[in-house]
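Inside the fold
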Amino acid sequence: MKSNLFIIVKNGWSYLAYAVVAFFIFTFLDIEFLAFLSFLAVVGFIYIFRNPERELPTFEKKSILSPVDGTVTQILTLEESDFAYRVDILTSYRDVSVLRAPITATLKSLEMTHGTRVSQNSKLFTDLNEKCELVFVNDDLNEVKVVHRLTQSFTPLSVDIIKAQNVYQTARYGFMLSGITSIYLPNNVRLNVNVANELKASESLIGYFS
């Protein structure tokens, strides 16, 4: 992401600016209640759009790290698929929303689908919600597919990366405020996560290529 050195991601600048302006206007007009609400909005946006630095832990070259903060909701073994496993991670408003590369690789493909933002409990969630599908391939031709799907978010899903771009593990490449990330892994991966694990992007180990 081009704004990766700022403590607030660029997706939140306009929201924060409007809240700050509203705070000063209501303070000048001596409307204390609205000024207080505006102040809370400023604090809330700073928290929601925070962009902390993350240190890369000492893992092997073949490691696969979590691309998002969140909680593992399910791990599936896939049949009749190009991939053997799927790990689903739920990201909420409490989590850091910055997306980070799980491996050092080249982006083989990227497909963005604009859509709705209905609840994950809706039957329409999988088919209609806004999503982005990315496939990373490393030097050993191992592929990892990552699908980000928005839930009920007031900001869109954004990805600041292009096809054929080389990325380093942990590099920032997008923003998803609230959603579900599905990581598809080949059969030569040794998983290192369990359901209900709390993960942090670029710090939590998903598994290793064997």
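Before reading on, note that the structure itself is shown above.
In this text the structure is predicted, and so the values were computed from the model without any measurement. Just so you know, the residues in each chain are numbered from 1, in the order the chain's sequence is written. In keeping with the model being predicted, local features are shown solely for residues with a pLDDT of at least 70 and side-chain atom pairs are shown and tallied solely at 80 or more, while totals for entire chains, interfaces and linings include all residues. Each side-chain value is worked out from all heavy atoms of the structure, with water and hydrogens disregarded.

1. Some remarks on the layout of surface pockets
Defined as follows: A 1.4 Å probe that fits into a set of points on a 1 Å grid over the protein atoms alone but cannot get out defines a cavity; an open set with protein on both sides within 12 Å along at least five of seven lines defines a pocket, and lining residues are those with an atom within 4 Å of a point. Grid points are joined across faces, edges and corners, and a volume is the space filled by probe spheres set on the points. The helix and strand labels rest on DSSP assignments: H or I over at least four residues marks a helix, E over at least two residues marks a strand, and numbering proceeds from the N terminus. Residues are grouped as follows: nonpolar covers Ala, Val, Leu, Ile, Met, Phe, Trp, Tyr, Cys and Pro; charged covers Asp, Glu, Lys and Arg; every other residue, Gly included, is treated as polar.
Approximately 360 Å³ is the volume found for the largest pocket. Around the largest pocket, the lining comprises 20 residues; the ones closest to its centre are Lys61, Thr104, Ala105, Asn138 and Asp139. Of all the secondary structure elements, the ones that give two or more residues to the lining of the largest pocket are strand 5 (105-113) and strand 9 (166-167). Of the residues in the lining of the largest pocket, the class split is nine nonpolar, six polar and five charged.

2. Some words on helix 2 (residues 32-48)
To keep it simple, the criterion reads: Expected span of a helix: the number of residues minus one, times 1.5 Å. Burial here depends on accessible area, computed with a 1.4 Å probe over protein chains only, as a share of the maximum for the residue type. Under 20% is buried, over 50% is exposed, and the range in between is partly exposed. To be clear, the arc concerns the directions from the helix axis to the C-beta atoms. Contact definition: two residues touch when any of their heavy atoms are within 4.5 Å.
Spanning 17 residues, helix 2 covers 24 Å between terminal C-alpha atoms, matching the ideal 24 Å at 1.5 Å per step. Restricting attention to buried positions, one finds in helix 2 the residues Ala35, Ser38, Val42, Phe45 and Ile48. Summarising the axial view, the buried residues of helix 2 lie within an arc of 150 degrees, below the 170-degree limit, and thus occupy one face. Exposed positions of helix 2 whose direction lies more than 90 degrees from the buried face are Glu32 and Phe33. Of the surrounding secondary structure, the elements contacted by the buried residues of helix 2 are helix 1 (13-28) and strand 10 (172-175).

3. Concerning a nonpolar patch on the surface
Keep this limit in mind: Patch criteria: residues need more than 30% relative accessible area and no salt bridge. Like-charged residues are merged within 9 Å; nonpolar side chains of Val, Leu, Ile, Met, Phe, Trp and Tyr are merged within 5 Å. Here, Shrake-Rupley sampling with a 1.4 Å probe gives the accessible areas, and only protein chains in the shown set may cover a residue. Any carboxyl oxygen of Asp or Glu within 4 Å of a side-chain nitrogen of Lys or Arg constitutes a salt bridge here.
On the surface, Val21, Ile25, Phe28, Leu29, Ile31, Phe33, Leu34, Phe36, Leu37, Phe39, Leu40 and Val43 cluster together into a nonpolar patch covering about 1,200 Å² of accessible area. Counting only elements with at least two residues in the nonpolar patch, the list comes to helix 1 and helix 2. Broken down by element, the residue count for the nonpolar patch peaks at seven residues, all from helix 2. As for its placement among the helices and strands, Val21 is situated in helix 1. Residue classification places Val21 among the partly exposed residues on the basis of a relative accessible area of 47%.

4. Comments concerning the nonpolar core
Counted only if it meets this: We call a set of buried residues a nonpolar core when its members are Ala, Val, Leu, Ile, Met, Phe, Trp, Tyr or Cys and they connect through side-chain atoms within 4.5 Å of each other.
Among the nonpolar cores identified, the biggest contains 29 residues, and Ile89, Leu134, Phe136, Ile161, Tyr173, Leu185 and Ile206 are the most heavily contacted of them. Elements represented by at least two residues in this core include exactly strand 3 (85-91), strand 5, strand 6 (131-137), strand 7 (143-150), strand 11 (179-185) and strand 14 (205-209). Setting aside its immediate chain neighbours within four residues, Ile161 contacts Leu107, Leu110, Leu134, Phe136, Val167 and Tyr173.

5. A short note on the sheet that holds strand 12 (residues 189-191)
Where we set the bar: A pair of strands is considered paired only if DSSP assigns at least 2 bridges between the two. Interaxial angles span 0 to 180 degrees and are taken between N-to-C directions of axes, which are lines fitted to C-alpha atoms, for helices over the stretch in contact.
Taken in spatial order, the three strands make up an open sheet running 1-14-12, and their pairing is antiparallel. Each edge of the open sheet carries a strand with a single partner, namely strand 1 (63-65) and strand 12. Sheet twist, expressed as the mean angle between neighbouring strand axes with direction ignored, is 30 degrees. Where strand 1 and strand 14 come together, three bridges link them in antiparallel fashion.

6. Remarks on the packing of helix 1 against helix 2
The test is simple: Working definition: roughly parallel below 35 degrees, roughly antiparallel above 145 degrees, roughly perpendicular at 65 to 115 degrees, and oblique for all remaining angles. Should the near helix be turned anticlockwise from the far one by less than a right angle, the crossing is left-handed, and should it be turned clockwise, the crossing is right-handed.
Orientation of helix 1 relative to helix 2, taken along the N-to-C sense of each, is 160 degrees, at an axis distance of 8 Å. On the basis of the axis angle, helix 1 is roughly antiparallel to helix 2. Helix-helix and strand crossings are classified by hand; for helix 1 and helix 2 the assignment is left-handed. The segment helix 1 lies against helix 2, with Tyr15, Leu16, Ala19, Val20, Ala22, Phe23, Phe26 and Thr27 engaging Leu34, Ala35, Ser38, Phe39, Ala41, Val42, Phe45 and Ile46. For the contact of helix 1 with helix 2, the per-class residue count stands at 14 nonpolar, two polar and no charged.

7. Structural notes on the sheet that holds strand 4 (residues 98-100)
The strand order across the open sheet formed by three strands is 4-10-8, and the pairing between neighbours is antiparallel. Two strands close off the open sheet at either side, each with one partner strand: strand 4 and strand 8 (158-159). For strand 8 and strand 10, the ladder comprises two bridges, and the chain directions are antiparallel. Its bridge partner lying in strand 10, Ser158 is registered against Phe175.

8. Let's talk about the pairing of strand 11
Most of strand 11 sits out of view: seven of its seven residues are buried. Burial of the side chains of strand 11 extends over both faces: Gly179, Thr181, Ile183 and Leu185 are buried on one face and Ile180, Ser182 and Tyr184 on the other. Bridging between strand 3 and strand 11 involves seven bridges; their strand directions are antiparallel. Residue pairing in the sheet places Val87 in a bridge with Ile183 of strand 11. Pairing of strand 7 with strand 11 involves six bridges; the strand directions are antiparallel. If you follow Arg149 over to strand 11, its bridge partner there is Ile180.

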